[in-house]
Amino acid sequence: KPFSFEVLAARLRAMGRRNLPPVNPNVLEIADLSLDAETHEVRRAGKPVVLTPTEFVLLEHLMRRAGRVASRDDLIDAIWGAADKDVESNALDVFIFQLRSKLEANAARRLIQTVRGFGYAIREAEE
């Protein structure tokens, strides 16, 4: 469509004046849980949570798909790679258990939810 450069410039100036918070795609947040992909820091309710590298990859994968279900195969591929098919069937369950233990030790809300027969999801829990 034809457009006027003056109108385009005016709209760009107006957008520049808006006070929008800076967006950092490396910091993921759900409820009181935050994950910084650059510094590998995880915090729950402002307190640091120490995770193993595998737990961190698992949590990041779930948080990047917040609100959506991640299948078991998708999670296994993300953690151990598509080429490694010799992963024990309960290895993922063990890591989910460890991750839940660390994240939900003193928290009132559970964030990691099991979707029976399919996989796992991370969501804000209903009050």
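Residues numbered from 1 in each chain as written. Predicted model: local features only at pLDDT ≥ 70, side-chain atom pairs only at ≥ 80, totals over all residues. Heavy atoms only, no water.

Moving on, we come to the overall build of the protein. Looking only at helices and strands, one finds four helices and seven strands in the protein. If you list the helices and strands of the protein from N to C, you get α-β-β-β-β-α-β-α-α-β-β. When each of the 127 residues of the protein is scored for burial, the buried share is 30%. Of the contacts made within the protein by residues no fewer than 6 positions apart, 48% connect residues no fewer than 24 positions apart. A total accessible area of about 8,900 Å² is found for the protein, and carbon and sulfur atoms account for 54% of it. (Helix = DSSP H or I, 4+ residues; strand = E, 2+ residues; numbered from the N terminus. Buried < 20%, exposed > 50% of the residue type's maximum accessible area, 1.4 Å probe, protein only. Contact = heavy atoms within 4.5 Å. Areas by Shrake-Rupley, 256 points an atom, 1.4 Å probe, with all protein chains shown as cover.)

When strand β5 (residues 70-71) meets strand β7 (residues 119-122), the two strands line up antiparallel, connected through two bridges. Considered in β7, the bridge of S71 is made with G119. As judged from the four bridges shared by strand β6 (residues 112-115) and β7, these two strands associate in the antiparallel manner. Along β7, the bridge assignment pairs Q113 with A121. Between the antiparallel neighbours β6 and β7 lie three residues, among them G117 with a positive phi of about 80°. (Pairing = 2+ DSSP bridges.)

Turning to helix α2 (residues 53-64), a few remarks are in order. Across its twelve residues, α2 extends 16 Å between first and last C-alpha, which sits within 8% of the 16 Å expected from 1.5 Å per residue. Taken together, the buried positions of α2 are E55, F56, L58, L59, E60, H61, L62 and M63. (Expected span 1.5 Å × (residues − 1).)

Another aspect to go through is the pattern of salt bridges. Applying the stated criterion across every chain yields a total of six salt bridges. Between R64 and E60 there is a salt bridge whose closest N-O contact spans 3.0 Å. Residue R64 and its partner E60 are located together in helix α2, separated by four residues, close to a single helical turn. A salt bridge links R65 to D74, with the nearest nitrogen and oxygen atoms 3.6 Å apart. Classification of D74 as partly exposed rests on a relative accessible area of 27%. (Salt bridge = Lys/Arg side-chain N within 4 Å of Asp/Glu carboxyl O.)

The subject of this paragraph is the sheet that holds β7. The three strands are arranged β5-β7-β6 in an open sheet whose pairing can be described as antiparallel. Two strands close off the open sheet at either side, each with one partner strand: β5 and β6. Contacts from α2 reach β5, β6 and β7 within the one sheet, and its direction differs from that of β7 by about 70°. (Axes fitted to C-alpha atoms, helices over the stretch in contact; angles between N-to-C directions.)

Secondary-structure assignment places I96 in helix α4 (residues 91-103). Taking C-alpha positions, I96 is 9.5 Å from T114, a pair spaced 18 residues apart along the chain. When residues no more than four places from it in sequence are discounted, the contact partners of I96 are L58, L62, I112 and Y120.

Alternating positions in strand β2 (residues 33-36) separate into two faces, L33 and L35 on one and S34 and D36 on the other, with burial throughout. Pairing between strand β1 (residues 27-30) and β2: four bridges, direction antiparallel. Bridge pairing in β2 places L28 opposite L35. In this antiparallel pair of consecutive strands, β1 and β2, the connection spans two residues, and A31 shows a positive phi of 50°. As defined by bridge partners, β2 adjoins strand β3 (residues 41-44) across four bridges and the pair is classed as antiparallel. Note on β3: the bridge partner recorded for L35 is V42.

By themselves these figures say nothing about function.
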